[in-house]
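Reading the structure
For reference, the chains in residue letters:
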Amino acid sequence: MKKNNSLLIMLSLSMFITIGVVISPILRFEGFAPTAHFVNIVCSVFLGPWYSLLNGLITAFLRMSFLGIPPLAITGQIFGAMLSGIFYRKSKGNLLAAVVGEIIGTGIIGAIVSYPVMKLFYGTGDITWYFYLPSFTIAIIIGGSVAYIFLKTLQKSKVLYSIQKKLGVNVYEKSKKNS
């Protein structure tokens, strides 16, 4: 990785974290944060799975610290962030795969993991292990749809590839027909 790429990657990561923290309270209810899923998917496509995971962790901790959001910020963000990036890479650039990774990671894994975490921290009475599935899934459908449309627009105009090349990450120009 070139020195210029490192600085650009850190600035991009900082931008995603800032967007995730600042925009989060605008459209957020308990267990429902579509902007987090939008940011996860876009960050996964721009920077890859490891930076997306780092973005998810830092954003979640900041949201918990400054906005008083419960540990759902972590469980509802990190699994989807990681899987979104992995699915995008494994599919060689399929944007829909990035969205599916977010759905599986957050909508299923994150929602199920949220139950014992919330029970531990808050002793939430009569909720069941699948309590968070509907709200997480709806939030992902909203955030994922917006991310897909946004990325598809960038892809069609070739701006996505330009951004990825400047960042020095994997570029999948040939796969634009598949996503």
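Every value quoted in this text rests on a predicted model; they were computed, and no experiment measured them.

**As for the overall build of the protein**
Summing up its helical and strand segments, the protein has eight helices and zero strands in all. In sequence order, the secondary structure elements of the protein are arranged as α-α-α-α-α-α-α-α. The long-range fraction of contacts in the protein, counting pairs at least 24 apart against all pairs at least 6 apart in sequence, stands at 70%. Of the roughly 8,900 Å² of accessible surface on the protein, 72% is carried by carbon and sulfur atoms.

**Some remarks on the UniProt feature "transmembrane region" (unreviewed entry) in the protein**
Under the local residue numbering, the UniProt record ascribes the feature "transmembrane region" (unreviewed entry) to residues 6-27, 68-88, 95-117 and 129-151. Secondary structure content for residues 68-88 is 71% helix and 0% strand, and the end C-alpha separation is 32 Å. With 100% helix and 0% strand, residues 95-117 has end C-alpha atoms that lie 31 Å from one another.

**What to know about the side chain of N40**
Looking at the secondary structure, you find N40 in helix α2 (residues 34-47). Those residues in contact with N40, other than ones at most four positions away along the chain, are S52, N55, G56, Q77, G80, A81, S84 and E102.

**Observations regarding the packing of α2 against helix α5 (residues 78-90)**
Running from N to C, α2 and α5 cross one another at 45°; their axes reach a closest spacing of 8 Å. When the axes of α2 and α5 are compared, the pair comes out oblique. Along this stretch, α2 crosses α5, giving a crossing that reads as right-handed. Across the interface between the two elements, N40, I41, S44, V45 and L47 from α2 touch G80, A81, S84, G85, Y88 and R89 from α5.

**Notes on the nonpolar core**
Grouped together as the largest cluster of nonpolar side chains are 23 residues, with contacts concentrated most on F16, V45, F46, L47, Y88, L151 and L160. Those elements that place two or more of their residues in this core are α1 (3-23), α2, α6 (95-122), α7 (133-156) and α8 (159-167). Ranked by the residues each element gives to this core, the list is headed by α2, at seven residues. Residues contacting F16, with those up to four places away along its chain left out, are V39, V42, C43, F46, L47, N55 and T59. Counting residues in each nonpolar core, the second largest holds seven residues, with L72, A111, Y115 and F136 among its members.

**Regarding the environment of F66**
Relative to the elements of secondary structure, F66 occurs in helix α3 (residues 49-67). Judged by its relative accessible area of 65%, F66 is exposed. In this structure the C-alpha to C-alpha distance between F66 and V21, which are 45 residues apart in sequence, comes to 8.9 Å.

The rules behind each value
- Residues numbered from 1 in each chain as written.
- Predicted model: local features only at pLDDT ≥ 70, side-chain atom pairs only at ≥ 80, totals over all residues.
- Heavy atoms only, no water.
- Helix = DSSP H or I, 4+ residues; strand = E, 2+ residues; numbered from the N terminus.
- Contact = heavy atoms within 4.5 Å.
- Areas by Shrake-Rupley, 256 points an atom, 1.4 Å probe, with all protein chains shown as cover.
- UniProt positions renumbered as here; feature names shortened; annotations may be inferred.
- Axes fitted to C-alpha atoms, helices over the stretch in contact; angles between N-to-C directions.
- Parallel < 35°, antiparallel > 145°, perpendicular 65-115°, else oblique.
- Left-handed = near helix turned anticlockwise from the far one by under 90°.
- Core = buried A, V, L, I, M, F, W, Y, C linked by side-chain atoms within 4.5 Å.
- Buried < 20%, exposed > 50% of the residue type's maximum accessible area, 1.4 Å probe, protein only.

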